[in-house]
Amino acid sequence: MKNLTIRNRFTNELPADPDETNEIRQVSKAVFSYVNPTKPSNPKLIHASEEVAEMIGISADEIQSEEFLNVFSGEEILPHTRPYAMCYAGHQFGNWAGQLGDGRAINLTEVEHDNQFFTLQLKGAGKTPYSRTADGLAVLRSSIREYLCAEAMYYLGIPTTRSLSLMLSGDEVLRDILYNGNPAYEKGAVVCRVAPSFIRFGSFEMLTARNELKNLKEFVEYNIKYYFPEIKGEPKEQYLQFFKTVANTTREMILHWQRVGFVHGVMNTDNMSIHGITIDYGPYGWLENYDPNWTPNTTDSQNRRYRFGNQPQIAQWNLYQLANALYPLINEAEPLEKILESFITEFDSDYKKMILSKLGLVTPIENDDEFIAYLESNLQLSETDMTIFYRNLNKFKKTDSPENALKSIEDAFYNPEEIKDTILDNWLLWFTDYLEHLNNETTSDEERNKLQNAVNPKYVLRNYMAQLAIDAADKGDYSLIAELYELLKKPYEEQPEKERWFAKRPDWARSKVGCSMLSCSS
Ligand code: AMP
Ligand code: MG
């Protein structure tokens, strides 16, 4: 991989753990520990992204090389690099969890390409000092889900970590999927993911919780220097700007999630990136029938803290924790509180604009709150597929009747026989309003459809689609991974030969493990 330009800014400039043994421990006065990946017993490349490879300076030919296989499975360490695991802490499900750290992620190195910096990280390459009680490994099922979803999100235009490669390790991993006393062996896998950095809110929380304020200051300044170089001014002003930037990018990311129906599932502060990118794909899911109370994560099924409709509030809660972590450098609560308060007001106003754009409405309308609330209530009267509903709004003309408009989206109903009486009346009323708004627009139907198609994806990684790819891969057939990868590269385009993926969740997937029920076991 001759064009890989190695940079080691993180390890060169930040405090390292002097202990270099690979033993589970509490690590103080350091933000990372050097650790080598565990060698896999029989690595095999399942899929790699040529686009991501090129982005970091690896050619398509090199993907097939033995070096690629060895480096991105953990077998071999790149010259002039020293892999490391990061130390961070965090709040999990609302509770302080203390030190967490990269328990099964190992950063290989940073690279520079075309004036951009990337960190390359293996997930599932074995134990680190932060593995706590677990094994540091990842199973094929969760690795396929992470690999595909990160790329699907990228092509949807949503800030995210990227996926470079998906490998089988050749090792067996023991997992109890539903934590109900039925452990079984599964195939182990390693994903290499790529991001500007893998620094989390919890990275800052850790330093403050330990009262390591000198390291905190150094760490924040490191972040500003390399990831937010546009921030200038007095130190305090810079720290506030840094917080404001993270709040802004986080808000934009959540807005995208709400636009496409993505539910992260584990929005703990250790899973929140300072770059405002989607990170740590675990028990995530996609809304099928529109239900703001839905969460795919069975571990959270009681409280539903991380349900779809709660994601903006949780993002704000997480930002509070980041603000607390930065507070000792700023010593003034008010400017931080202001940023936190404006997070929700700005989110609400952006959210309205976003929903109106999904409806193809560009001119502001009166009573937009009521109009949107009415729609969202209707979507829940009878199970209605979110993706199909919004996409099929491109199927009628503004001169059509409410009855015809409703007919255009009827494919979205899981139980069409329920659309009668008051449910039918409610829908017709809403469509009457909607058509009136459309008729006040100057855009033609064609122009409107173009705008709508750019924000209402046709193809998303429905939970059952990932599961089908997993079931096939378990039997050694990786063709569906490749097919879905290609499909999801053009989520907004019509792909007539791929129409079978533009369909409601099949009945068998309604309550199947891996489709509607996922756990953190991965
Ligand atoms: P997550 O819920 O996946 O974000 O993980 C929370 C913490 O548990 C992080 O510190 C992870 O690195 C760690 N962790 C999760 N799974 C494993 C595993 N299989 N082995 C070691 N650590 C893990
Ligand atoms: Mg995590």
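Please read these numbers as outputs of a predicted model, since none were measured by experiment.

Rules and cut-offs
- Residues numbered from 1 in each chain as written.
- Chains lettered and ligands numbered in written order.
- Predicted model: local features only at pLDDT ≥ 70, side-chain atom pairs only at ≥ 80, totals over all residues.
- Heavy atoms only, no water.
- Helix = DSSP H or I, 4+ residues; strand = E, 2+ residues; numbered from the N terminus.
- Rg over C-alpha atoms; globule rule 2.2 N^0.38 Å.
- Buried < 20%, exposed > 50% of the residue type's maximum accessible area, 1.4 Å probe, protein only.
- Contact = heavy atoms within 4.5 Å.
- Areas by Shrake-Rupley, 256 points an atom, 1.4 Å probe, with all protein chains shown as cover.
- Near = heavy atom within 4 Å.
- Polar contact = N/O pair within 3.5 Å; in protein donor to acceptor, adjacent residues only side chain to side chain.
- 1 Å grid on protein atoms, 1.4 Å probe; cavity = no way out; pocket = protein on both sides within 12 Å on 5 of 7 lines; lining within 4 Å.
- Sits in = over half its atoms within 2 Å of the grid points.
- Domains from an automatic or database assignment.
- Axes fitted to C-alpha atoms, helices over the stretch in contact; angles between N-to-C directions.
- Parallel < 35°, antiparallel > 145°, perpendicular 65-115°, else oblique.
- Nonpolar A, V, L, I, M, F, W, Y, C, P; charged D, E, K, R; others polar.
- Salt bridge = Lys/Arg side-chain N within 4 Å of Asp/Glu carboxyl O.
- Points joined across faces, edges and corners; volume = space filled by probe spheres on them.
- Donors = N, O, S within 2.8 Å, 3.2 Å for Na, K, Ca; no water.
- Core = buried A, V, L, I, M, F, W, Y, C linked by side-chain atoms within 4.5 Å.
- Left-handed = near helix turned anticlockwise from the far one by under 90°.
- Buried area = accessible area lost by both parts, 1.4 Å probe.

Along its length, the protein chain carries 17 helices and 13 strands. For the protein chain, whose C-alpha radius of gyration is 24 Å, the value lies close to the compact-globule estimate of 24 Å for 522 residues. With the C-alpha coordinates of the protein chain rotated into their principal frame, the extents come out at 70 × 60 × 45 Å. Going through the 522 residues of the protein chain one by one, you find that 60% of them count as buried. By sequence separation, contacts in the protein chain at least 24 residues apart represent 73% of the contacts at least 6 residues apart. Surface accessibility of the protein chain: about 21000 Å² in total, with carbon and sulfur atoms responsible for 49%.

Here we come to the site of ligand 1. Lining the immediate surroundings of ligand 1 are 16 residues, of which G101, G103, R132, G136 and N271 lie closest. At 2.5 Å from an oxygen atom of ligand 1 is found a main-chain nitrogen or oxygen belonging to G101. Protein contacts shield 83% of the accessible area of ligand 1, which totals 480 Å² for the unbound molecule. Because more than half of its atoms lie within 2 Å of the grid, ligand 1 is assigned to the largest pocket. Residues from two domains meet in the shell around ligand 1; each of domain 1 (5-201) and domain 2 (231-356) gives at least three.

What follows covers the packing of helix α8 (residues 235-260) against helix α9 (residues 311-330). Axis separation between α8 and α9 bottoms out at 10 Å; the angle between their running directions is 170°. Comparing the axis directions of α8 and α9 gives the class roughly antiparallel. Each of K236, Y239, L240, F242, F243, V246, A247, T250, I254, W257 and Q258 in α8 lies in contact with α9, whose residues at this interface are Q311, P312, A315, L319, L322, A323, L326, L329 and I330. Tallied by class, the residues present in the contact of α8 with α9 amount to 16 nonpolar, three polar and one charged.

What follows concerns the pattern of salt bridges. As a working rule, side chains carrying opposite charge can pair if their charged atoms are close by. The tally for this structure, following the rule as stated, stands at 33 salt bridges. With a shortest N-O distance of 3.4 Å, R251 and D350 are connected by a salt bridge. Taken together, the positions of R251 in helix α8 and D350 in helix α10 (residues 333-358) put the pair 99 residues apart, joining distant regions of the chain. One salt bridge in this structure joins R500 and E483, with 3.6 Å as the shortest N-O distance. Of the two residues, R500 is situated in the segment after α17 (479-487) and E483 in helix α17; the sequence distance between them amounts to 17 residues.

Attention now goes to empty space enclosed by the protein. The tally for this structure, following the rule as stated, stands at three cavities of 30 Å³ or more. Estimated volume of the largest cavity: approximately 50 Å³. Forming the walls of the largest cavity are R259, V260, K358, M386, T387, Y390 and P457. Elements that contribute at least two residues to the lining of the largest cavity include exactly α8 and α12 (386-391). Among the elements that line the lining of the largest cavity, the one with the most residues is α12, at three residues.

This paragraph deals with the layout of surface pockets. Space inside the largest pocket adds up to approximately 1000 Å³. Along the wall of the largest pocket there are 41 residues; nearest its centre are Q92, R104, R132, C520 and S522. Elements represented by at least two residues in the lining of the largest pocket include exactly α5 (140-155) and β11 (184-195). It is α5 that provides the largest number of residues to the lining of the largest pocket, a total of three residues. Computed from the structure, the second largest pocket encloses a volume of approximately 360 Å³. Contributing to the lining of the second largest pocket are 17 residues, with Q116, F117, F118, A195 and P196 lying nearest its centre. Elements supplying a minimum of two residues to the lining of the second largest pocket: β8 (116-123), β11 and α7 (213-227). Residue contributions to the lining of the second largest pocket peak at three residues, all from β8.

The subject of this paragraph is the coordination of the magnesium ion (ligand 2). Taken together, the protein donors to the magnesium ion (ligand 2) comprise N271 (OD1) and D280 (OD), at separations of 2.0 to 2.2 Å. By the burial criterion, N271 is buried, and D280 matches it.

So, about the nonpolar core. Counting residues in hydrophobic clusters, the biggest one holds 140 residues, and the most contacted among them are F204, L359, F389, W427 and F431. Top contributing element to this core by residue count: α8, with eleven residues. Those residues in contact with F204 that sit more than four places away from it in its chain are I199, L216, F219, V220, N223, F242, I274, L322, A325 and L326. By size, the runner-up hydrophobic cluster in this structure holds 23 residues, among which are V52, A53, V111 and L120.

So, about the packing of α7 against α8. One way to put it is that α7 packs onto α8 with a least axis distance of 11 Å and a crossing angle of 65°. In terms of orientation, α7 lies roughly perpendicular with respect to α8. Relative to α8, the crossing made by α7 is left-handed. Facing K217, V220, E221, N223 and I224 of α7, the residues of α8 in contact are Q238, Y239 and F242. Each residue belonging to the contact of α7 with α8 can be placed in one class, and the counts come to four nonpolar, two polar and two charged.

Glancing now at the domain arrangement of the protein chain. According to the domain assignment, the protein chain contains domain 1 (5-201), domain 2 (231-356), domain 3 (362-442) and domain 4 (463-509). Each side of the interface is counted separately: domain 2 has 13 residues, and domain 3 has 14 residues. Together domain 2 and domain 3 conceal approximately 1200 Å² of surface at their shared face, both sides included; 62% is due to carbon and sulfur atoms. Considering only the side of domain 2, the residues that lose the most area to domain 3 are Y290, K352 and L356, jointly responsible for 49% of the buried surface there.

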